[in-house]
Amino acid sequence: MKKDRAARGIQRAAEALELPGEPGLGVPRVTVTGGSRVHVENHRGLLEYGPEAITVNAGTLLVKVRGSGLEIEAMSDMELVVSGTVRAVEFVS
Amino acid sequence: MTGLLTFLKGSVRVELNCRYAERAINLCARNHVDFTDLRRTPEGAVRMTVGIGGYAALRRISRETGAFTVKTVRREGAPFLLWRVRRRYALLAGLALCAAAIAASTLFVWQIDVAGNETVPSSRILAALREEGVDIGAGTLGIPRRQVENRMLLKIPELSFISLNTHGSRIEVLVREKIQKPELYDPDVPTSVFAEKAGIVTDVLALQGVAKVKPGDAVTAGDELISAFVPLGKGRLTHAAGSVTARTWVELSASTPVNFRKKTATGEKKTRRAIILGGKRINFYFTGGNPYAECDKITVYKKLTLPGGDVLPVTFVRETWEEYESQEYAVTVQEAERILSSRLLWELEERIGSGSVVSTQFETAEESGVITVTLRAECLEEIGVERPLTGEETAALRPEGE
């Protein structure tokens, strides 16, 4: 609880100073390229992995990639790349 | 480049059999096992490609957690290749020798690139470098860069800066040329404006000095147009300046033979290959000379370069011989007139520079198998050029008592 409050405080300070939030706070960054590639940075693991949907735990929210023929092209402990035909990217908080 | 690095580092395609694929994937990510190309199999397992370190980590995670079992599908890359041939000593020795030869070859200069020169030819810079001991085949380690750079600046005074940068076996020579000092206007040097060519003056604008001609005057090359002598009081000499425009007449001619041979490609071609190792050429063909009676030869040289730009002393040569047939072709007068007229007009524009063409007239003549086109053009151009007066000319004009 205390940690969440501190994180919110830092996030508010970063917003006030117009600083990018992702380096210090672990805020996810999602980059969609041409409807066939989704790059998620600062993830916390996979929750669902299937050819029609891939759900990524991004800490404060869930990132759900919907489409067909979805695959994980590459993954490390910080980032992952989803490829295939992407129809939607949803944010579930 | 990425593919080459992956090959050098080695990779393993593994199959993870597990109940929940997500759990296995998260375990990989949490334990810093980076993977690529994740695919599901119809049986519910997942396949991924990991590095050699990642493969060992996967085995360890499998043993410790029991979350999945690891099955090796395929091993690829240099480490596995070397492991497979570990008992073939001659092959390993050959590989080691090859690697040593490549490493040793990067200690010598195999390519010199000159960049930044506009008026000083690269051949002159390369020749000066050769005199300083920087040449193809020279060792890269023993080049006294600073000394060579300083000596080069003394040898080629047109250069203001030179820098020798070594990239493995390639030397990049960056140069900057001096900006030439513009011709300064010296008001104390008595100078008159003279006619560069003959014509009829149409316009005179004397900024300094006294105009000696007026519109309508005919002048010949060398005539004084604006005089340096100003007859005020006792008179004085000045640096005359101004512009004099005149109608000029230009006559240009160009010729072409009526009959010449025209090339037509037959489509037949032969390719020969060779390799140049250091300075020695090894041909991969036995019969030399022209393979056809009439042919064009196109030679392509391709230097072997390592990823990263290091040039090796190996050049691949491809010679392509393309056969053609030459046939007697007679050009018509109209055709010759069209080609030669456009060439003459282009030459005329080059010659008059910023001037303009008032009218043109072409005349075609054919004599003993040669077609000649003559262009007579009337132009409007600047004919005045400044020239300092000679000692005698100055003495003749100098006012008395000076």
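The rules behind each value
Residues numbered from 1 in each chain as written. Chains lettered and ligands numbered in written order. Predicted model: local features only at pLDDT ≥ 70, side-chain atom pairs only at ≥ 80, totals over all residues. Helix = DSSP H or I, 4+ residues; strand = E, 2+ residues; numbered from the N terminus. Buried ≥ 20, exposed ≤ 12 C-beta atoms within 10 Å, placed from the backbone. Contact = placed C-beta atoms within 7 Å. Pairing = 2+ DSSP bridges. Core = buried A, V, L, I, M, F, W, Y, C linked by C-beta atoms within 7 Å. Nonpolar A, V, L, I, M, F, W, Y, C, P; charged D, E, K, R; others polar. Expected span 1.5 Å × (residues − 1). Arc of directions from axis to C-beta. Axes fitted to C-alpha atoms, helices over the stretch in contact; angles between N-to-C directions. pLDDT = per-residue confidence, 0-100.

Brief notes about the overall build of chain A
Turning to step 1, where the next piece is worked out: Scanning chain A from N- to C-terminus turns up 2 helices and 6 strands.
Turning to step 2, where the next piece is worked out: The buried share among the 93 residues of chain A stands at 20%.
Turning to step 3, where the next piece is worked out: Contacts in chain A between residues at least 24 apart in sequence constitute 34% of all its contacts with a sequence separation of at least 6.

A closer look at the overall build of chain B
Turning to step 1, where the next piece is worked out: In terms of regular secondary structure, chain B is built from 9 helices and 22 strands.
Turning to step 2, where the next piece is worked out: Relative to all contacts within chain B whose residues are 6 or more apart in sequence, the contacts with residues 24 or more apart total 70%.

Observations concerning the sheet that holds strand β12 (residues 224–227) of chain B
Backbone hydrogen bonds hold the strands of a sheet together, and the pairing may be parallel or antiparallel.
Residues and elements named next belong to chain B.
Turning to step 1, where the next piece is worked out: The 4 strands are arranged β10-β12-β8-β22 in an open sheet whose pairing can be described as antiparallel. The outermost strands of the open sheet, each flanked by one partner alone, are β10 (210–211) and β22 (384–388).
Turning to step 2, where the next piece is worked out: Across 2 bridges, the pairing between strand β8 (residues 191–195) and β12 is antiparallel. Looking at the pairing, Phe194 lines up with Glu224 of β12.

Some points on the nonpolar core
All names here are of chain B.
Turning to step 1, where the next piece is worked out: Formed by 34 residues in total, the largest nonpolar core has its most connected members in Ala24, Ile25 and Val50.
Turning to step 2, where the next piece is worked out: The element best represented in this core is helix α2 (residues 21–30), accounting for 6 residues.
Turning to step 3, where the next piece is worked out: By size, the runner-up hydrophobic cluster in this structure holds 17 residues, among which are Val213, Ala228, Phe229 and Ile383.

Things to note about α2 of chain B
Residues and elements named next belong to chain B.
Turning to step 1, where the next piece is worked out: Burial within α2 is extensive, with 7 of its 10 residues counted as buried.
Turning to step 2, where the next piece is worked out: Those residues of α2 that sit buried are Ala21, Ala24, Ile25, Asn26, Leu27, Cys28 and Ala29.
Turning to step 3, where the next piece is worked out: One or two steps after α2, the chain reaches His32, where phi turns positive at roughly 60 degrees.

Some remarks on the interface of chain A and chain B
Turning to step 1, where the next piece is worked out: The interface is formed by 12 residues belonging to chain A together with 13 residues belonging to chain B.
Turning to step 2, where the next piece is worked out: When contributions to the side of chain A that touches chain B are tallied by element, the ones reaching two or more residues are β3 (46–49) and β5 (62–75) of chain A.
Turning to step 3, where the next piece is worked out: The element best represented in the side of chain A that touches chain B is β5 of chain A, accounting for 5 residues.
Turning to step 4, where the next piece is worked out: Classifying every residue of the side of chain A that touches chain B by side-chain character gives 6 nonpolar, 2 polar and 4 charged.
Turning to step 5, where the next piece is worked out: Taken together, the 3 bridges between β5 of chain A and strand β2 (residues 35–40) of chain B define a ladder with antiparallel strand orientation. Paired with Ala74 of chain A across the bridge in β2 of chain B is Thr36 of chain B.

A look at helix α8 (residues 333–352) of chain B
Helical geometry: 3.6 residues make up each α-helical turn, so side chains three or four residues apart lie on a common side.
All names here are of chain B.
Turning to step 1, where the next piece is worked out: Here α8 is 20 residues long and its end C-alpha atoms lie 28 Å apart, about the 28 Å a rise of 1.5 Å per residue gives.
Turning to step 2, where the next piece is worked out: Looking only at α8, the buried set comprises Ala336, Leu340 and Leu344. For α8, the arc enclosing every buried residue in end-on projection is 50 degrees, short of the 170-degree limit, so these residues lie on one face. Turned more than 90 degrees from where α8 packs its buried face, Gln334, Glu335, Arg338, Ser342 and Trp346 sit exposed.
Turning to step 3, where the next piece is worked out: On the buried face of α8, the contacting elements are β15 (241–257) and β21 (370–382).
Turning to step 4, where the next piece is worked out: A positive phi of about 60 degrees marks Gly353, the residue just after α8.

Regarding unusual backbone geometry
Residues and elements named next belong to chain B.
Turning to step 1, where the next piece is worked out: Residues other than glycine seldom take positive phi values, yet His32 does so here, at roughly 60 degrees.
Turning to step 2, where the next piece is worked out: Relative to the assigned elements, His32 resides in the loop between α2 and β2.
Turning to step 3, where the next piece is worked out: Even without a glycine there, the phi angle at Ser368 is positive, about 40 degrees.
Turning to step 4, where the next piece is worked out: With 6 C-beta atoms packed within 10 Å, Ser368 lands in the exposed category.

Let's talk about the pairing of strand β20 (residues 356–367) of chain B
As a general feature of sheets, a regular strand has side chains that alternate between the two faces.
Residue and element names in this part refer to chain B.
Turning to step 1, where the next piece is worked out: Of all 12 residues that make up β20, 0 are buried, and the element is exposed over most of its length.
Turning to step 2, where the next piece is worked out: In this structure, β20 lies alongside β21, joined through 11 bridges in antiparallel fashion. What sits directly across from Thr364, in β21, is Val373.
Turning to step 3, where the next piece is worked out: Adjacent in sequence and paired antiparallel, β20 and β21 are bridged by 2 residues, among which Ser368 carries a positive phi angle near 40 degrees.

Some words on the sheet that holds β15 of chain B
Residue and element names in this part refer to chain B.
Turning to step 1, where the next piece is worked out: Reading across the sheet, the 5 strands line up as β11-β9-β15-β21-β20 and stay open at both edges, with antiparallel pairing between neighbours. Because the sheet does not close on itself, it has two edges, and the strands there are β11 (218–219) and β20.
Turning to step 2, where the next piece is worked out: Pairing between strand β9 (residues 199–208) and β15: 7 bridges, direction antiparallel. Counterpart to Val201 in the pairing with β15 is Ala246.
Turning to step 3, where the next piece is worked out: Across the sheet, α8 lies against β15, β20 and β21, angled at about 30 degrees from β21, the strand it touches most.

Let's talk about the confidence of the model for chain B
Turning to step 1, where the next piece is worked out: Chain-level pLDDT for chain B is 88 on average; 98% of the residues reach the 70-or-more range.
Turning to step 2, where the next piece is worked out: Model confidence for the complex is summarised by a pTM of 0.45, with the ipTM given as 0.74.

Notes on the environment of Ser368 of chain B
Turning to step 1, where the next piece is worked out: Take Ser368 of chain B: it is sitting in the loop between β20 and β21.
Turning to step 2, where the next piece is worked out: Along the sequence, Ser368 of chain B and Val258 of chain B sit 110 residues apart, while their C-alpha atoms lie 9.1 Å from each other.

Section: the environment of Ile54 of chain A
All names here are of chain A.
Turning to step 1, where the next piece is worked out: Tracing the backbone shows Ile54 in strand β4 (residues 53–57).
Turning to step 2, where the next piece is worked out: Separated by 18 residues in sequence, Ile54 and Ile72 have C-alpha atoms that sit 8.8 Å apart.
Turning to step 3, where the next piece is worked out: Setting aside chain neighbours within four positions, we find Ile54 in contact with Glu48, Tyr49, Val65, Leu70 and Val82.

Some points on the environment of Thr166 of chain B
Turning to step 1, where the next piece is worked out: Along the chain, Thr166 of chain B turns up in strand β6 (residues 159–167).
Turning to step 2, where the next piece is worked out: Setting aside chain neighbours within four positions, we find Thr166 of chain B in contact with Thr140 and Ile171 of chain B.

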